[in-house]
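# Residue-level structural notes
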Amino acid sequence: GKTPIFNRVVLDISDTSAQYTEGLEDRGAHVTSMRRQSLDALETASDDVSELIFTASHIPASTSQFDLSVATNIFSSVANPGELLDELIRVTRPGGTIYIQNVMWRSAVGGRETSPWHLISGSYARRRYIKRHGHEPDNRFGENLFKLRPVTLMDLLHSRSELIIFIAGPRFLPTKWGWTLRVPILANFVVQDLVVAAERR
């Protein structure tokens, strides 16, 4: 609610495919969609030439290009989320908004298609998937899927002086439940899907 959508330049960046592009465009935004690079090939994302490939170390956009950056499940897809956060900050203009939504590792679906066996072990879940299906999962623990805890991500966000966090908490619980992030052990169990909105200084 802090950032107007109409006629704004918006980045929709996600782990596998565009998540919110259609809804943002319906509200009058000018949207650029990006997804992560495939492990198997450098794919063109579809017939939509506006959908680009990003990596942890590079978001293919100009500095301060976007008024609003909507990031979905990208931080659990890279080994170095801090590096990706710096890129996300770079491409968002001062005064703009960064909106982050990310499923946490301890969520029942934190292992993506290998869930819920990742709760035992990410490596075990991956091996079990291969044995059952005869091929690797798209989300491969240790390669493009990593353990991400809410406190880890919040520590990264708080460490960046360019950000002012104005919303942070569990996605499917009332806003007042944001206090759980201040109790690390509790946060790891309660915050299964983290939502953060921050202003770029």
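Residues numbered from 1 in each chain as written. Predicted model: local features only at pLDDT ≥ 70, side-chain atom pairs only at ≥ 80, totals over all residues. Heavy atoms only, no water.

### Comments concerning the overall build of the protein
- Assigned secondary structure in the protein consists of five helices and seven strands.
- When the helices and strands of the protein are placed in sequence order, the string is β-α-β-β-β-α-β-α-α-β-α-β.
- With the C-alpha coordinates aligned to their principal axes, the bounding extent of the protein is approximately 50 × 45 × 30 Å.
- A total of 201 residues make up the protein; the buried ones form 48% of that total.
- Surface accessibility of the protein: about 10200 Å² in total, with carbon and sulfur atoms responsible for 52%.
- Of the side chains in the protein, 23 bear a positive and 22 a negative charge, and the two mean positions are spaced by 10 Å. (Helix = DSSP H or I, 4+ residues; strand = E, 2+ residues; numbered from the N terminus. Buried < 20%, exposed > 50% of the residue type's maximum accessible area, 1.4 Å probe, protein only. Areas by Shrake-Rupley, 256 points an atom, 1.4 Å probe, with all protein chains shown as cover. Lys, Arg positive; Asp, Glu negative; His and termini not counted. Charge placed at Lys NZ, Arg CZ, Asp CG, Glu CD.)

### Some remarks on the confidence of the model for the protein
- On average, residues of the protein carry a pLDDT of 90, and 90% of them reach 70 or more.
- Of all the helices and strands in the protein, strand 3 (residues 51-54) carries the lowest mean pLDDT, 83, while helix 3 (residues 122-133) carries the highest, 98.
- When the criterion is pLDDT under 50, residues 41-50 qualifies, and its contacts beyond four places in sequence or with other chains add up to twelve contacts. (pLDDT = per-residue confidence, 0-100. Contact = heavy atoms within 4.5 Å.)

### Here's the deal with a nonpolar patch on the surface
- There is a patch of nonpolar side chains on the surface, built from L173, W177, W179, V183 and L186 and spanning about 390 Å² of accessible area.
- Within the element layout of this structure, L173 appears in the loop between strand 6 (163-170) and helix 5 (184-190). (Patch = residues over 30% accessible without salt bridge, like charges linked within 9 Å, V, L, I, M, F, W, Y side chains within 5 Å. Salt bridge = Lys/Arg side-chain N within 4 Å of Asp/Glu carboxyl O.)

### Regarding the nonpolar core
- Among the nonpolar cores identified, the biggest contains 33 residues, and I13, I59 and F75 are the most heavily contacted of them.
- Mapped by element, the contributors of at least two residues to this core are strand 1 (9-14), strand 4 (66-72), helix 2 (81-91), strand 5 (92-103), helix 4 (150-158) and strand 7 (193-200).
- Not counting residues within four places of it along the chain, the set of residues in contact with I59 comprises L11, I13, M34, F54, L84, E87, L88, R90 and V91.
- Grouped together as the second largest cluster of nonpolar side chains are seven residues, L24, A29, V31 and V70 included. (Core = buried A, V, L, I, M, F, W, Y, C linked by side-chain atoms within 4.5 Å.)

### Some thoughts on the pattern of salt bridges
- In total, this model carries seven salt bridges according to the counting rule given.
- Here R160 ties to D86 by a salt bridge, and the two come within 2.7 Å at their closest N and O atoms. Placement of the pair is R160 in the loop between helix 4 and strand 6 and D86 in helix 2, with a sequence separation of 74 residues.
- Relative accessible area serves as the criterion here: at 17%, R160 is assigned to the buried category.
- R126 is the salt-bridge partner of E143, the closest N and O atoms lying 2.5 Å from each other. Of this pair, E143 sits in the loop between helix 3 and helix 4 while R126 sits in helix 3; the two residues are 17 residues apart in sequence, bridging distant segments of the chain.
- If you follow the salt bridges from partner to partner, you end up with R126, E136 and E143 in one network.

### Quick word on unusual backbone geometry
- At the junction of S115 and P116, the peptide bond is cis and its omega measures out at 0° in the coordinates.
- Positionally, P116 belongs in the loop between strand 5 and helix 3.
- A positive phi is found at N7, a non-glycine position, where the angle reads about 65°.
- Within the secondary structure layout, N7 lies in the segment before strand 1.
- Under the relative-accessibility criterion, N7 is labelled partly exposed at 48%.

### Quick notes on the pairing of strand 7
- Counting buried positions along strand 7 yields seven of eight residues, so the element is predominantly enclosed.
- Bridge count between strand 5 and strand 7: seven bridges; the pairing is antiparallel. Counterpart to I100 in the pairing with strand 7 is V196.
- Note that strand 6 and strand 7 share seven bridges and pair antiparallel. For A168, the partnering residue across the bridge sits in strand 7 and is V196. (Pairing = 2+ DSSP bridges.)

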